[in-house]
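Residues per chain are reported as follows:
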Amino acid sequence: MINWNIILSIAKTHLVTKLRQTLVATLGVTFGIGSYITLVSFMTGLNAMLDDLILNQTPHIHIYNEIEPSKDQPVSIYDDFASHLNFVRSIKPKISQKKIHNALPIIDYLEKDKDVLGALPQVVTQIFYIAGSIELGGNLTGINPLEESKYFNLEDYIIEGSAETLENTDNGIILGIGIAKKMALNVGDRIQISPISGDFFPLKIVGFYQSGISDLDAIQSFTNISTVQRILGEANNYITDINVKLKDLEKALPMSQLIEQQFGLKAVDIKTANAQFDTGTDIRNLITYAVSITLLIVAGFGIYNILNMLIYEKMNDIAILKATGFSGKDVQLIFMSQAMIIGILGGLLGLLIGFGLASFIGTIPFETEALPTVDTYPIHLQPSYFIIGFSFAMVSTFLAGYLPSRKAKKIDPVTIIRGQ
Amino acid sequence: MDIVLEAKHIDKYFKKPVKFQVLKDINFQIKTGEFTSIMGKSGCGKSTLLYILSTMDTNYTGELYLQNQLITGKDATHLSYLRNKHIGFVFQFHYLLSEFTVLENVMLPAKKLAEKSVVDIKQTAQNKLKMLNIEHLALKKASQISGGEKQRVAIARALINNPSIIMGDEPTGNLDSHNAENVFSIFKQLSEEQGLSLLIVTHDEDFAKKTDRILLMEDGKML
Ligand SMILES: Nc1ncnc2c1ncn2[C@@H]1O[C@H](COP(=O)(O)OP(=O)(O)O)[C@@H](O)[C@H]1O
Ligand SMILES: [Mg+2]
């Protein structure tokens, strides 16, 4: 039978009389856990921010018409040459239009799918921005502003004006901030747009767009679909891209494959398009855990050392306890309890300090032009980090306490008593 | 009369640095209430024998009985229990937990045994301290009292669970004559008034002569 009262009271007395060592060991754990919480919440905050930066405005499936050379050349379908080795040099793509054939029925079809939140048409075209004598190349995308805001957070990236004003303004344009700077334009000014085919269309600037990716902001502008269709002289069924938002991101890959097969269009899912972001996230996580585990191992060695020292100093006590009827297991539990008390106190304190530090970082202003949606350092606090952090503390102190306490268990009282 | 402790054919060897037989066929009995002393030259094996009798050393051959129960070969946890309940041990050096108070030191074996409530244990411990005239030290740290006082605290601790036998390995060896006298009279008193069984190793011939029986040892043998 284990008498915890007495074991804990002996453990407590040892810890209290060796207060300085106890504090050093405890603070070691505190430091490890505190850094883990701070690091992990900061790193995941950063991950989430970077993911948002790209993934939030990226469609889960992007459907368009890829201009590419046909995989099957006529010669390979011709039976008479089947047994020959055929070379076709300099294959060029067949001139094909960017327009998605039957785009509107496809959108209808997609929107009926239960996995789809929204399927938004876009008209993407290359144009020149002309203001006075300056002429800049760029992209003009025709959109449904309100829908884009709803599904792809467009509103977050409009730093002046709003999606609604664009929706309500005929011949309005939301200009990329880079273009506006270069051309010294303000909201309310007019800008001339010229499609590749020539002609000039004056559009009214109703807002500025800033994605945070400056290369993009230097070329990209938005207007209503109907405006682009008019500029291009196309009918209102002229759609070049369809962006799909799904309920479940994981379904993007299978669904994109299905769409490719079914409609003979190019359909790229978000994961394929942004594979490098997962890699970045993985590496940041790896760094977080590597640093935290290193800190905890250092803290663990601290506990191990201090307990070893304590056991060495307490040889006499151990011999007395054993001589008066305490079993080896009792003695082991006394020293194990000391390790665990250090772990629990240090761990809890570490959680508190980590929480405090992370919350504090979360209030530090972090304003950068590149990230219009962010104004303090990103912090992502989650209960699971505290559970993991505390488990970390328990496991490392258990391991650090186990070996010394086993040594204490095995100490032969006779050897100690003789040694006096 | 009942037999409290019996040793049969106890042999013990030390293998290091060279193999030699430290105890040679030890046989004896201690009856209940008997005050026995062991005498012998230094190095003849008295301490070694006492460690075996107190169940702390299990590395021997032969048989050991405590109240007619064979305890040789019992597992370590059970031996700890027997030591806790039935054997009180007083060392030559006053082995106390220096960071605990006198009272806590005395209470510790009883708390381990856990047969009584803490309140009862405290009461018993205070009675023992009073009996040994050291009740005024109860709340002092064990490290802050004198050698003679420490030895009396150790005796109080040995008595706390009302053991079947008290063993002492030269318990007065480290005390001045006044304190030695005092400790001896305590043992004598315990033996006479409470019928306690005692087995005490000593160098002091005067001490030994006043006990019920003297066991003489020489070169690992009981004479
Ligand atoms: N751990 C040990 N290893 C080897 N020899 C030992 C050990 N402990 C004691 N001895 C030897 O055993 C003999 C008996 O020792 P001990 O029982 O302490 O004698 P006593 O208590 O009668 O003075 C001595 O010769 C001593 O040197
Ligand atoms: Mg000796």
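Residues numbered from 1 in each chain as written. Chains lettered and ligands numbered in written order. Predicted model: local features only at pLDDT ≥ 70, side-chain atom pairs only at ≥ 80, totals over all residues. Heavy atoms only, no water.

### Points about the packing of aromatic side chains
All chains considered together, the criterion is met by 17 aromatic pairs over all chains. Measuring from ring centre to ring centre gives 5.8 Å for Tyr109 of chain A and Phe263 of chain A, while their planes differ by 75°; the resulting arrangement is edge-to-face. With Tyr109 of chain A in helix α4 (residues 103–112) and Phe263 of chain A in helix α10 (residues 252–263), this pair connects stretches of sequence that are 154 residues apart. For Tyr109 of chain A, a relative accessible area of 42% puts it in the partly exposed group. Through a chain of ring-to-ring contacts, the aromatic side chains of Phe35, Phe184, Phe187 and Phe207 of chain B assemble into a single cluster. Looking at Lys19 of chain B, its charged tip hangs above the ring of Tyr13 of chain B, at a distance of 4.8 Å from the centre. (Phe/Tyr/Trp six-rings, centres within 6.5 Å; stacked < 30°, edge-to-face > 60°. Helix = DSSP H or I, 4+ residues; strand = E, 2+ residues; numbered from the N terminus. Buried < 20%, exposed > 50% of the residue type's maximum accessible area, 1.4 Å probe, protein only. Lys NZ or Arg CZ within 6 Å of the ring centre and 35° of its normal.)

### Some words on a positive patch on the surface
Residues and elements named next belong to chain A. A surface patch of positive charge is lined by Lys329, Arg406, Lys409 and Lys410. Sort the elements by how many residues they give to the positive patch and helix α15 (residues 383–410) lands first, with 3 residues. Tracing the chain through its elements places Lys410 in helix α15. (Patch = residues over 30% accessible without salt bridge, like charges linked within 9 Å, V, L, I, M, F, W, Y side chains within 5 Å. Areas by Shrake-Rupley, 256 points an atom, 1.4 Å probe, with all protein chains shown as cover. Salt bridge = Lys/Arg side-chain N within 4 Å of Asp/Glu carboxyl O. Lys, Arg positive; Asp, Glu negative; His and termini not counted. Charge placed at Lys NZ, Arg CZ, Asp CG, Glu CD.)

### Brief notes about the interface of chain B and chain A
On the side of chain A, 27 residues touch chain B, which itself brings 23 residues to the contact. The largest contributions to the chain B side of the interface with chain A come from Tyr95, Glu99 and Lys112 of chain B, which together make up 31% of the buried area. At the boundary of chain B and chain A, one finds 2 salt bridges. Residue Lys314 of chain A is joined to Glu99 of chain B by a salt bridge in which the shortest nitrogen-to-oxygen separation is 2.3 Å. At the boundary of chain B with chain A, the tally comes to 8 residue pairs in polar contact (both at pLDDT 80 or more). Its residues placed into classes, the side of chain B that touches chain A shows 12 nonpolar, 5 polar and 6 charged. (Contact = heavy atoms within 4.5 Å. Buried area = accessible area lost by both parts, 1.4 Å probe. Polar contact = N/O pair within 3.5 Å; in protein donor to acceptor, adjacent residues only side chain to side chain. Nonpolar A, V, L, I, M, F, W, Y, C, P; charged D, E, K, R; others polar.)

### Re the sheet that holds strand β4 (residues 61–66) of chain B
Residues and elements named next belong to chain B. Across the sheet, which stays open at both edges, the 4 strands sit in the order β2-β1-β4-β5 with antiparallel pairing between neighbours. Looking along the sheet, the strands with just one partner apiece sit at the ends: β2 (20–31) and β5 (69–70). In the sheet, strand β1 (residues 3–14) pairs with β4 via 5 bridges, with the strands oriented antiparallel. Directly across from Lys8, in β4, lies its bridge partner Glu63. Where helix α1 (residues 46–53) meets the sheet, its contacts fall on β1, β2 and β4, and the angle it forms with β2 comes to roughly 60°. (Pairing = 2+ DSSP bridges. Axes fitted to C-alpha atoms, helices over the stretch in contact; angles between N-to-C directions.)

### Notes on the pairing of strand β6 (residues 87–90) of chain B
Within a regular beta strand, the side chains point alternately toward one face of the sheet and then the other, so they alternate between its two faces. All names here are of chain B. On β6, burial covers both faces: Ile87 and Phe89 on one face and Gly88 and Val90 on the other are all buried. Of the strand pairs in this sheet, β6 and strand β7 (residues 165–169) are connected by 4 bridges, and their pairing is parallel. Its bridge partner being in β7, Ile87 is matched across the sheet by Ile165.

### Topic: helix α2 (residues 76–86) of chain B
Regarding α2 of chain B, the residues found buried are Leu79, Ser80, Leu82, Arg83, Asn84 and His86 of chain B. Between the side-chain oxygen at the start of α2 of chain B and the backbone nitrogen of Thr77 of chain B there is a gap of 3.0 Å, and the oxygen is on Asp75 of chain B.

### Some remarks on the site of ligand 1
What surrounds ligand 1 is a group of 13 residues, the closest being Arg418 of chain A together with Gly43, Lys46, Ser47 and Thr48 of chain B. At the site occupied by ligand 1, nearby residues are drawn from chains A and B. Thr48 of chain B is positioned such that a nitrogen or oxygen atom in its side chain is 2.5 Å from an oxygen atom of ligand 1. When ligand 1 is considered free in solution it has 560 Å² of accessible area, and contact with the protein chains removes 67% of it. (Near = heavy atom within 4 Å.)

### Description of the domain arrangement of chain A
According to the domain assignment, chain A contains domain 1 (4–55 + 277–419) and domain 2 (61–81 + 93–270). One C-alpha centre belongs to domain 1 of chain A, the other to domain 2 of chain A; they are set 53 Å apart. (Domains from an automatic or database assignment.)

### A short note on unusual backbone geometry
Residues and elements named next belong to chain B. The linkage connecting Lys16 with the following residue, Pro17, adopts the cis geometry, with an omega of -5°. Relative to the assigned elements, Pro17 resides in the loop between β1 and β2. For Asp25, which is not a glycine, the phi torsion comes out positive at approximately 45°. Among the structural elements, Asp25 can be located in strand β2. Classification of Asp25 by relative accessible area gives partly exposed; the value is 40%. The phi angle at Thr55 is positive, at roughly 70°, despite the residue not being glycine.

### Some points on the nonpolar core
Formed by 80 residues in total, the largest nonpolar core has its most connected members in Phe335 of chain A together with Leu5, Phe28, Leu49, Leu53 and Leu199 of chain B. Judged by nonpolar contacts, the second largest core, of 41 residues, contains Ile61, Val123, Leu203 and Ile270 of chain A. (Core = buried A, V, L, I, M, F, W, Y, C linked by side-chain atoms within 4.5 Å.)

### Focus: the side chain of Thr125 of chain A
By the element assignment, Thr125 of chain A lies in strand β2 (residues 116–131). A relative accessible area of 10% means that Thr125 of chain A is categorised as buried.

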